[in-house]
Amino acid sequence: MKNFKIISHILLLFCGIQGISQETQDNDNEIPVDFVQKKGLRLGLFVGSYFANQYTAGMYDGYGFDIDGNKNGWDNSLMNQKINMQYGGYGYSGQIDQIATALNVDYHTWTFSQSDMPMNMRYSPSFAVGLNCIYSVDKNNAILLNLNAAKLNIGGNFTIITPQQTGSSQINNRIKTFAIKGGEQRLMFQFGYQRILGDNEKLNFFVEGGLHVTITKYDKNEILINSLKIDLTSYYNQAAYSSAVLLKKPIGTGFGVFAGFGANITMNPKFTIQLLYSPTYEKINIGINPRLKLQNAVGLRAYYNF
């Protein structure tokens, strides 16, 4: 809804620009009636919503990756090392049980095991922005070069088993649910071809397609146990003390193809906007066994015509 409001405001802005330009045409008769861009360079901005495929969301399930880029097992998992060993006080003798404090229970009366790990990690729809360039060969054919970026959020839940509450016979009351979050950055390059369908002066449909490249970076992973926030992306040296050395954060470049279709609206000789739906079929090249998957984006482009 927030992205829809942003796009609506931009549309209203450009409609205002169109009104001013049309008034100038009526008064001065200096602007030609034919608004169709026939040839030349256009530079613009893209704003919209990005919907990531859920296939790679499991990378943020609290296991993490070792320095060789392989996914950890349970013993070396980020959540086991953080919850049980570092913050739970099982790392070495005399260590404080911060998990018990956060849960408001007695020390070491809670349990966190492999069965409590997250199973439902999912991407949320995200905001995407970009710089888009188009060179019109003629009024119907053009070459595209786009650079778009999105910052993605991933969410899920995990559980911790707490002591039975006094006077309660409900076993489910022992199971407490908490949030796990992830963050990811994507930088997307597109090079391709666009075709305007029709010869109307102001409104036409268009289709496009071409090569798509995505650079993806695993950004963050954290959990929240009531008021206790734990960053999973630093590891714990069990033999001595907490270390600030970061784990390897996967980053990779994947290739695929993009397509798109929508409405091309010529506001006046200097401004063009496009309402766009753009699916991509690509490989997000981080994590284990990356595969070609479908991603989706919708948004608005606003071009300045040189």
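Computed from a prediction, not measured in an experiment: that's the story for all the values here. (Residues numbered from 1 in each chain as written. Predicted model: local features only at pLDDT ≥ 70, side-chain atom pairs only at ≥ 80, totals over all residues. Heavy atoms only, no water.)

Q: Can you help me understand a positive patch on the surface in this one?
A: Side chains of K151, K181, K220 and K229 sit close together on the surface and give a patch of like positive charge. Structurally, the position occupied by K229 is in strand β7 (residues 228-231). Classification of K229 as exposed rests on a relative accessible area of 54%. (Patch = residues over 30% accessible without salt bridge, like charges linked within 9 Å, V, L, I, M, F, W, Y side chains within 5 Å. Areas by Shrake-Rupley, 256 points an atom, 1.4 Å probe, with all protein chains shown as cover. Salt bridge = Lys/Arg side-chain N within 4 Å of Asp/Glu carboxyl O. Lys, Arg positive; Asp, Glu negative; His and termini not counted. Charge placed at Lys NZ, Arg CZ, Asp CG, Glu CD. Helix = DSSP H or I, 4+ residues; strand = E, 2+ residues; numbered from the N terminus. Buried < 20%, exposed > 50% of the residue type's maximum accessible area, 1.4 Å probe, protein only.)

Q: Can you help me understand a nonpolar patch on the surface in this one?
A: A cluster of nonpolar side chains, namely L41, L43, Y135, V137, I143, L145, F191, L211, F255, Y304 and F306, defines an oily patch on the protein surface of about 1,000 Å² accessible area. Secondary-structure elements contributing two or more residues to the nonpolar patch are β1 (40-51) and β4 (141-161). By the element assignment, L211 lies in strand β6 (residues 203-225). Taking the relative accessible area as the measure of exposure, L211 reaches 45% and is therefore partly exposed.

Q: Just checking my understanding: could you explain the side chain of Q194 for this structure?
A: Tracing the sequence through the fold places Q194 in strand β5 (residues 175-197). At 3.0 Å, the side chain of Q194 and the side chain of Q274 are in polar contact. Residues contacting Q194, with those up to four places away along its chain left out, are I134, N140, N141, A142, L144, F206, V207, E208, Q274 and R301. (Polar contact = N/O pair within 3.5 Å; in protein donor to acceptor, adjacent residues only side chain to side chain. Contact = heavy atoms within 4.5 Å.)

Q: How do you make sense of the nonpolar core when you look at a structure like this?
A: In terms of nonpolar packing, the biggest core is built from 43 residues, with M79, I99, F112, F158, I160, I223 and I225 touching the most fellow members. Mapped onto this core, the elements with two or more residues apiece are β1, α2 (78-86), α3 (98-103), β4, β5, β6 and β7. Sequence-distant contacts of I99, that is, excluding residues within four places in its chain, are made with I83, Y87, G88, W110, I160, I225, L228 and I230. Counting residues in hydrophobic clusters, the runner-up holds five residues, among them I134, A142, L144 and F258. (Core = buried A, V, L, I, M, F, W, Y, C linked by side-chain atoms within 4.5 Å.)

Q: Looking at this structure, I do not really get the packing of aromatic side chains. What am I missing?
A: Each aromatic ring pair is characterised by the separation of its centres together with the angle its planes make. Applying the stated criterion across every chain yields a total of nine aromatic pairs. Judged by centre distance (5.5 Å) and plane angle (70°), the rings of F261 and Y277 are edge-to-face. Taken together, the positions of F261 in strand β10 (residues 251-268) and Y277 in strand β11 (residues 271-283) put the pair 16 residues apart, joining distant regions of the chain. For Y277, a relative accessible area of 28% gives the class partly exposed. Where F271 meets Y304, the ring centres are 5.6 Å apart and the plane angle is 70°; that geometry is what we call edge-to-face. A residue pair is termed long-range when its members are at least 10 positions apart, and F271 in strand β11 and Y304 in strand β12 (residues 292-305) qualify at 33 residues. On the accessibility criterion, Y304 (33% relative accessible area) is partly exposed. One aromatic cluster in this structure is built from W74, F112, F158 and F178. The cationic tip of R42 hangs over the ring face of Y303; the distance from NZ or CZ to the ring centre is 5.4 Å. Across from the ring centre of Y123, 5.4 Å away, lies the NZ or CZ of R186, which sits over that ring. (Phe/Tyr/Trp six-rings, centres within 6.5 Å; stacked < 30°, edge-to-face > 60°. Lys NZ or Arg CZ within 6 Å of the ring centre and 35° of its normal.)

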